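# Structural overview
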Amino acid sequence: MPGEKTPVSVSFIIPCRNEEGSIGPLIDGIRRVMESREESWEILVVDDASTDSTGKNARSAGARVITHPYNIGNGASVKTGIRAAQGEIVVMMDGDGQHSPEAIPQFLEALEDHDMAVGARTASSHAGVHRLLANTIYNWLASYVSKRKILDLTSGFRATRKAIAMRHLYLLPNTFSYPTTITMSYLRSGLTIKYVPIEAAKRSGQSRSKIRPFIDGTRFFLIITRVATIYSPFRVFLPVSAFLFLVGCIYYIYTFTTIHRFTNMSMLLFVSSLIIFMLGIVSEQISQI
(Lines give C-alpha, C1' and ligand atoms only; values in the text may rest on other atoms or scores of the structure.)
Protein backbone atom coordinates (compact mmCIF):
# COMPACT_ATOMS: atom_id res chain seq x y z
CA MET A 1 0.00 0.00 0.00
CA PRO A 2 1.23 3.56 -0.66
CA GLY A 3 2.98 5.04 2.35
CA GLU A 4 3.37 1.67 4.04
CA LYS A 5 6.83 1.12 5.46
CA THR A 6 8.69 -1.93 4.17
CA PRO A 7 9.73 -4.26 7.02
CA VAL A 8 13.49 -4.52 7.47
CA SER A 9 14.96 -7.99 7.00
CA VAL A 10 18.64 -7.38 7.80
CA SER A 11 20.17 -4.85 10.19
CA PHE A 12 23.90 -4.15 10.01
CA ILE A 13 25.29 -3.13 13.39
CA ILE A 14 28.62 -1.32 13.36
CA PRO A 15 30.04 -0.38 16.77
CA CYS A 16 32.77 2.20 16.43
CA ARG A 17 34.81 4.84 18.19
CA ASN A 18 37.05 7.29 16.33
CA GLU A 19 36.79 5.54 12.94
CA GLU A 20 36.13 8.58 10.75
CA GLY A 21 38.47 7.38 8.00
CA SER A 22 37.00 3.90 7.58
CA ILE A 23 33.30 4.16 8.42
CA GLY A 24 32.25 5.83 5.15
CA PRO A 25 33.92 3.30 2.81
CA LEU A 26 32.55 0.43 4.92
CA ILE A 27 28.98 1.72 4.63
CA ASP A 28 29.43 2.25 0.88
CA GLY A 29 30.69 -1.32 0.55
CA ILE A 30 27.67 -2.72 2.39
CA ARG A 31 25.37 -0.71 0.13
CA ARG A 32 27.00 -2.07 -3.03
CA VAL A 33 26.55 -5.64 -1.85
CA MET A 34 22.99 -5.30 -0.57
CA GLU A 35 21.58 -3.27 -3.47
CA SER A 36 21.83 -6.35 -5.68
CA ARG A 37 19.90 -8.51 -3.20
CA GLU A 38 16.19 -8.87 -2.48
CA GLU A 39 16.32 -8.36 1.30
CA SER A 40 15.34 -5.02 2.80
CA TRP A 41 18.09 -3.71 5.06
CA GLU A 42 19.35 -0.92 7.28
CA ILE A 43 22.78 0.17 8.49
CA LEU A 44 22.98 1.13 12.14
CA VAL A 45 26.17 2.75 13.42
CA VAL A 46 26.60 2.97 17.19
CA ASP A 47 29.05 5.78 17.89
CA ASP A 48 30.63 5.15 21.29
CA ALA A 49 31.30 8.83 22.10
CA SER A 50 33.85 9.40 19.33
CA THR A 51 35.93 12.57 19.52
CA ASP A 52 36.28 12.83 15.73
CA SER A 53 33.81 12.95 12.82
CA THR A 54 32.79 9.29 12.93
CA GLY A 55 29.10 9.98 13.55
CA LYS A 56 28.94 12.79 10.98
CA ASN A 57 30.62 10.68 8.29
CA ALA A 58 28.31 7.74 9.03
CA ARG A 59 25.22 9.93 8.61
CA SER A 60 26.59 11.38 5.40
CA ALA A 61 27.03 7.86 4.05
CA GLY A 62 23.37 7.10 4.81
CA ALA A 63 23.55 5.14 8.07
CA ARG A 64 21.26 5.52 11.06
CA VAL A 65 23.47 6.68 13.94
CA ILE A 66 23.02 6.19 17.67
CA THR A 67 25.51 8.10 19.80
CA HIS A 68 26.48 7.16 23.34
CA PRO A 69 26.80 10.20 25.63
CA TYR A 70 30.10 8.81 26.91
CA ASN A 71 32.42 5.89 26.17
CA ILE A 72 30.84 2.67 27.45
CA GLY A 73 32.60 -0.03 25.44
CA ASN A 74 32.50 -2.06 22.25
CA GLY A 75 30.21 -4.72 23.74
CA ALA A 76 27.83 -2.05 25.04
CA SER A 77 27.65 -0.58 21.53
CA VAL A 78 26.75 -3.97 20.09
CA LYS A 79 24.00 -4.41 22.70
CA THR A 80 22.65 -0.94 21.91
CA GLY A 81 22.59 -1.85 18.22
CA ILE A 82 20.84 -5.18 18.76
CA ARG A 83 18.12 -3.54 20.87
CA ALA A 84 17.57 -0.80 18.28
CA ALA A 85 17.75 -3.05 15.21
CA GLN A 86 14.56 -3.36 13.18
CA GLY A 87 15.63 -6.40 11.16
CA GLU A 88 14.97 -10.05 11.85
CA ILE A 89 18.65 -10.74 11.17
CA VAL A 90 21.50 -8.73 12.69
CA VAL A 91 24.96 -8.64 11.11
CA MET A 92 27.76 -7.26 13.31
CA MET A 93 30.87 -5.78 11.72
CA ASP A 94 33.80 -3.80 13.09
CA GLY A 95 34.07 -0.20 11.99
CA ASP A 96 37.83 -0.21 11.34
CA GLY A 97 37.64 -1.47 7.76
CA GLN A 98 38.96 -4.97 8.45
CA HIS A 99 35.78 -6.80 7.45
CA SER A 100 34.97 -7.07 3.77
CA PRO A 101 31.28 -6.56 2.86
CA GLU A 102 31.80 -9.01 -0.02
CA ALA A 103 31.47 -11.87 2.51
CA ILE A 104 27.99 -10.79 3.64
CA PRO A 105 26.06 -13.12 1.26
CA GLN A 106 27.90 -16.12 2.72
CA PHE A 107 26.83 -15.11 6.24
CA LEU A 108 23.19 -14.70 5.23
CA GLU A 109 23.23 -18.03 3.43
CA ALA A 110 24.72 -19.75 6.50
CA LEU A 111 21.78 -18.56 8.63
CA GLU A 112 19.39 -20.66 6.55
CA ASP A 113 20.39 -23.74 8.56
CA HIS A 114 22.48 -22.36 11.44
CA ASP A 115 21.75 -20.05 14.37
CA MET A 116 24.89 -17.95 13.96
CA ALA A 117 27.52 -17.35 11.31
CA VAL A 118 31.00 -16.26 12.43
CA GLY A 119 33.90 -15.01 10.34
CA ALA A 120 36.93 -17.25 10.92
CA ARG A 121 40.11 -15.31 10.16
CA THR A 122 42.98 -17.03 8.40
CA ALA A 123 46.39 -17.22 10.08
CA SER A 124 47.70 -14.39 7.91
CA SER A 125 44.86 -12.12 9.04
CA HIS A 126 46.04 -11.90 12.65
CA ALA A 127 48.07 -8.85 13.68
CA GLY A 128 51.34 -10.51 14.61
CA VAL A 129 52.45 -13.91 15.86
CA HIS A 130 51.59 -13.04 19.47
CA ARG A 131 47.95 -12.35 18.55
CA LEU A 132 47.75 -15.57 16.52
CA LEU A 133 49.18 -17.57 19.45
CA ALA A 134 46.81 -15.96 21.94
CA ASN A 135 43.76 -16.62 19.77
CA THR A 136 44.86 -20.22 19.22
CA ILE A 137 45.00 -20.76 22.99
CA TYR A 138 41.59 -19.11 23.49
CA ASN A 139 40.09 -21.24 20.72
CA TRP A 140 41.47 -24.44 22.25
CA LEU A 141 40.28 -23.60 25.76
CA ALA A 142 36.82 -22.58 24.56
CA SER A 143 36.58 -25.74 22.42
CA TYR A 144 37.34 -27.86 25.50
CA VAL A 145 34.71 -26.10 27.59
CA SER A 146 31.98 -26.10 24.93
CA LYS A 147 32.79 -29.57 23.51
CA ARG A 148 32.68 -28.06 20.01
CA LYS A 149 35.54 -27.01 17.76
CA ILE A 150 35.82 -23.21 17.76
CA LEU A 151 37.77 -21.72 14.86
CA ASP A 152 37.70 -18.05 15.87
CA LEU A 153 36.50 -17.08 19.33
CA THR A 154 37.12 -13.32 19.15
CA SER A 155 35.94 -12.45 15.63
CA GLY A 156 33.64 -9.41 15.55
CA PHE A 157 32.19 -10.30 12.13
CA ARG A 158 29.11 -12.40 12.78
CA ALA A 159 25.41 -12.72 11.95
CA THR A 160 22.47 -14.14 13.86
CA ARG A 161 18.74 -13.70 14.32
CA LYS A 162 17.78 -10.84 16.60
CA ALA A 163 15.27 -12.91 18.57
CA ILE A 164 17.99 -15.40 19.57
CA ALA A 165 20.55 -12.70 20.33
CA MET A 166 18.10 -10.92 22.63
CA ARG A 167 17.84 -14.03 24.82
CA HIS A 168 21.60 -13.91 25.42
CA LEU A 169 21.99 -10.15 25.69
CA TYR A 170 22.10 -10.08 29.51
CA LEU A 171 25.24 -12.23 29.46
CA LEU A 172 27.25 -9.94 27.19
CA PRO A 173 29.86 -7.65 28.79
CA ASN A 174 30.37 -4.04 27.76
CA THR A 175 33.93 -4.68 26.58
CA PHE A 176 35.67 -6.19 23.54
CA SER A 177 35.12 -9.67 24.94
CA TYR A 178 31.47 -9.81 23.89
CA PRO A 179 32.27 -12.19 20.93
CA THR A 180 33.75 -14.67 23.41
CA THR A 181 30.67 -14.64 25.60
CA ILE A 182 28.07 -14.88 22.84
CA THR A 183 29.94 -17.74 21.13
CA MET A 184 30.20 -19.73 24.36
CA SER A 185 26.61 -19.08 25.40
CA TYR A 186 25.27 -20.11 21.97
CA LEU A 187 27.21 -23.37 21.96
CA ARG A 188 26.39 -24.29 25.55
CA SER A 189 22.69 -23.55 24.84
CA GLY A 190 22.71 -26.15 22.07
CA LEU A 191 22.59 -23.61 19.23
CA THR A 192 24.50 -24.12 16.00
CA ILE A 193 27.35 -22.00 14.62
CA LYS A 194 28.86 -22.04 11.15
CA TYR A 195 32.31 -20.56 10.52
CA VAL A 196 32.79 -18.62 7.31
CA PRO A 197 36.45 -18.25 6.24
CA ILE A 198 37.39 -14.59 5.86
CA GLU A 199 40.55 -12.64 5.11
CA ALA A 200 40.65 -9.65 7.45
CA ALA A 201 42.24 -6.56 5.92
CA LYS A 202 44.63 -4.22 7.68
CA ARG A 203 43.03 -1.42 9.65
CA SER A 204 42.33 1.71 7.66
CA GLY A 205 44.21 4.97 8.13
CA GLN A 206 45.44 5.70 11.65
CA SER A 207 43.08 3.22 13.26
CA ARG A 208 44.77 0.97 15.78
CA SER A 209 43.57 -2.03 17.71
CA LYS A 210 41.93 -0.98 20.97
CA ILE A 211 42.43 -4.42 22.49
CA ARG A 212 45.06 -4.52 25.25
CA PRO A 213 46.74 -7.94 25.02
CA PHE A 214 47.33 -8.56 28.74
CA ILE A 215 44.23 -6.93 30.25
CA ASP A 216 41.77 -8.10 27.61
CA GLY A 217 43.52 -11.48 27.33
CA THR A 218 42.98 -12.04 31.05
CA ARG A 219 39.38 -10.92 30.64
CA PHE A 220 38.83 -13.41 27.79
CA PHE A 221 40.14 -16.23 30.01
CA LEU A 222 37.89 -15.21 32.91
CA ILE A 223 34.87 -14.97 30.62
CA ILE A 224 35.50 -18.44 29.21
CA THR A 225 35.69 -19.76 32.78
CA ARG A 226 32.61 -17.82 33.89
CA VAL A 227 30.48 -19.01 30.98
CA ALA A 228 31.75 -22.55 31.52
CA THR A 229 30.66 -22.48 35.17
CA ILE A 230 27.21 -21.29 34.08
CA TYR A 231 26.62 -23.95 31.43
CA SER A 232 29.05 -26.80 32.16
CA PRO A 233 30.76 -26.30 35.54
CA PHE A 234 32.16 -29.82 35.75
CA ARG A 235 34.43 -29.04 32.80
CA VAL A 236 36.18 -26.58 35.13
CA PHE A 237 35.89 -28.21 38.56
CA LEU A 238 36.88 -31.75 37.52
CA PRO A 239 40.36 -30.91 36.10
CA VAL A 240 41.18 -28.79 39.16
CA SER A 241 40.05 -31.58 41.48
CA ALA A 242 42.00 -34.19 39.52
CA PHE A 243 45.13 -32.01 39.55
CA LEU A 244 45.02 -31.57 43.34
CA PHE A 245 44.42 -35.30 43.82
CA LEU A 246 47.37 -36.16 41.57
CA VAL A 247 49.66 -33.71 43.38
CA GLY A 248 48.50 -35.18 46.69
CA CYS A 249 49.37 -38.70 45.52
CA ILE A 250 52.80 -37.64 44.28
CA TYR A 251 53.54 -35.75 47.49
CA TYR A 252 52.38 -38.69 49.62
CA ILE A 253 54.63 -41.11 47.71
CA TYR A 254 57.54 -38.70 48.16
CA THR A 255 57.04 -38.24 51.92
CA PHE A 256 56.37 -41.94 52.48
CA THR A 257 59.62 -42.95 50.78
CA THR A 258 61.72 -40.22 52.46
CA ILE A 259 60.32 -39.84 56.00
CA HIS A 260 57.79 -42.72 56.10
CA ARG A 261 54.91 -40.43 57.02
CA PHE A 262 51.51 -39.34 55.79
CA THR A 263 51.81 -35.56 56.15
CA ASN A 264 49.27 -32.81 56.78
CA MET A 265 50.02 -31.36 53.34
CA SER A 266 48.98 -34.62 51.67
CA MET A 267 45.78 -34.63 53.69
CA LEU A 268 45.10 -30.99 52.74
CA LEU A 269 45.54 -31.77 49.04
CA PHE A 270 43.25 -34.80 49.19
CA VAL A 271 40.55 -32.96 51.15
CA SER A 272 40.74 -29.94 48.80
CA SER A 273 40.37 -32.28 45.82
CA LEU A 274 37.29 -33.88 47.38
CA ILE A 275 35.69 -30.52 48.26
CA ILE A 276 36.20 -29.13 44.76
CA PHE A 277 34.82 -32.36 43.27
CA MET A 278 31.68 -32.11 45.40
CA LEU A 279 31.28 -28.40 44.53
CA GLY A 280 31.48 -29.40 40.87
CA ILE A 281 28.65 -31.91 41.32
CA VAL A 282 26.46 -29.37 43.11
CA SER A 283 27.22 -26.70 40.47
CA GLU A 284 26.37 -29.14 37.69
CA GLN A 285 22.99 -29.84 39.28
CA ILE A 286 22.27 -26.11 39.69
CA SER A 287 23.27 -25.54 36.06
CA GLN A 288 20.82 -28.21 34.88
CA ILE A 289 18.02 -26.63 36.92
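The structure this text deals with has already been given above.
Residues numbered from 1 in each chain as written. Predicted model: local features only at pLDDT ≥ 70, side-chain atom pairs only at ≥ 80, totals over all residues. Heavy atoms only, no water.

## Remarks on the environment of glutamate 38
- For glutamate 38, the location among the structural elements is in the loop between helix 1 (23-34) and strand 2 (41-47).
- Of the residues examined, glutamate 38 reaches a relative accessible area of 85% and is grouped as exposed.
- Separated by 29 residues in sequence, glutamate 38 and serine 9 place their C-alpha atoms 9.6 Å apart. (Helix = DSSP H or I, 4+ residues; strand = E, 2+ residues; numbered from the N terminus. Buried < 20%, exposed > 50% of the residue type's maximum accessible area, 1.4 Å probe, protein only.)

## A word on the packing of aromatic side chains
- Tallying each qualifying case throughout the model produces eight aromatic pairs.
- Their ring planes at 55 degrees and their centres at 5.4 Å tell us that phenylalanine 245 and phenylalanine 270 sit as a pair that is tilted. Placement of the pair is phenylalanine 245 in helix 9 (residues 234-258) and phenylalanine 270 in helix 10 (residues 264-288), with a sequence separation of 25 residues.
- Measuring from ring centre to ring centre gives 5.9 Å for tyrosine 252 and phenylalanine 256, while their planes differ by 40 degrees; the resulting arrangement is tilted. Of the two residues, tyrosine 252 and phenylalanine 256 are both situated in helix 9; the distance of four residues between them amounts to about one turn of the helix. (Phe/Tyr/Trp six-rings, centres within 6.5 Å; stacked < 30°, edge-to-face > 60°.)

## Quick notes on helix 1
- When the terminal C-alpha atoms of helix 1 are compared, their 17 Å separation across twelve residues agrees well with the 16 Å that a helix rising 1.5 Å per residue should span.
- All buried positions along helix 1 are accounted for by Ile23, Gly24, Leu26, Ile27, Gly29, Ile30, Val33 and Met34.
- Buried residues along helix 1 sit against strand 1 (10-16), strand 2, helix 2 (54-60) and helix 4 (104-110). (Expected span 1.5 Å × (residues − 1). Contact = heavy atoms within 4.5 Å.)

## Structural notes on the nonpolar core
- Counting residues in hydrophobic clusters, the biggest one holds 33 residues, and the most contacted among them are Met184 and Tyr186.
- At the level of elements, helix 3 (74-84), strand 4 (89-92), strand 5 (116-121), helix 5 (129-146), helix 6 (162-168), helix 7 (178-188), strand 7 (193-198) and helix 8 (213-231) are the ones that each hand at least two residues to this core.
- Among residues more than four places away in sequence, those in contact with methionine 184 are Ala142, Val145, Ile150, Leu153, Ile224 and Val227. (Core = buried A, V, L, I, M, F, W, Y, C linked by side-chain atoms within 4.5 Å.)

## Quick look at unusual backbone geometry
- Of note, the phi angle at asparagine 18 is positive, near 55 degrees, even though the residue is not glycine.
- Mapped onto the elements, asparagine 18 comes out in the loop between strand 1 and helix 1.

## Focus on helix 3
- Among the eleven residues that make up helix 3, nine are buried, leaving the element largely enclosed by the rest of the structure.
- Listed as buried for helix 3 are Asn74, Gly75, Ala76, Ser77, Val78, Lys79, Thr80, Gly81 and Ile82.
- Buried residues along helix 3 sit against strand 1, strand 2, strand 3 (64-67), strand 4, helix 6 and helix 7.

## Describing the sheet that holds strand 5
- Pairing within the open sheet is mixed, and its seven strands lie in the order 3-2-1-4-6-5-7. With one partner strand each, in any of the chains shown, strand 3 and strand 7 form the two edges of the open sheet. Between one strand and the next, the sheet's axes are offset by a mean angle of 20 degrees, whatever the strand orientation.
- The pairing of strand 1 with strand 2 spans seven bridges and is parallel. Opposite cysteine 16, over in strand 2, you have aspartate 47 as the bridge partner.
- Of the strands in this sheet, strand 1, strand 2, strand 3 and strand 4 touch helix 3, which is tilted by about 155 degrees from strand 1. (Pairing = 2+ DSSP bridges. Axes fitted to C-alpha atoms, helices over the stretch in contact; angles between N-to-C directions.)

## Things to note about the pattern of salt bridges
- On inspection of all chains with the given rule, the structure shows three salt bridges.
- A salt bridge links arginine 64 to glutamate 42, with the nearest nitrogen and oxygen atoms 3.1 Å apart. In this pair, arginine 64 sits in strand 3 while glutamate 42 sits in strand 2, placing the two residues 22 residues apart along the sequence.
- Residue classification places glutamate 42 among the buried residues on the basis of a relative accessible area of 10%.
- Residues aspartate 152 and arginine 121 are paired through a salt bridge, measuring 2.7 Å at the closest nitrogen-oxygen approach. Of the two residues, aspartate 152 is situated in the loop between helix 5 and strand 6 (158-161) and arginine 121 in strand 5; the sequence distance between them amounts to 31 residues.
- Exposure remark for aspartate 152: the relative accessible area of 1% places this residue in the buried category. (Salt bridge = Lys/Arg side-chain N within 4 Å of Asp/Glu carboxyl O.)

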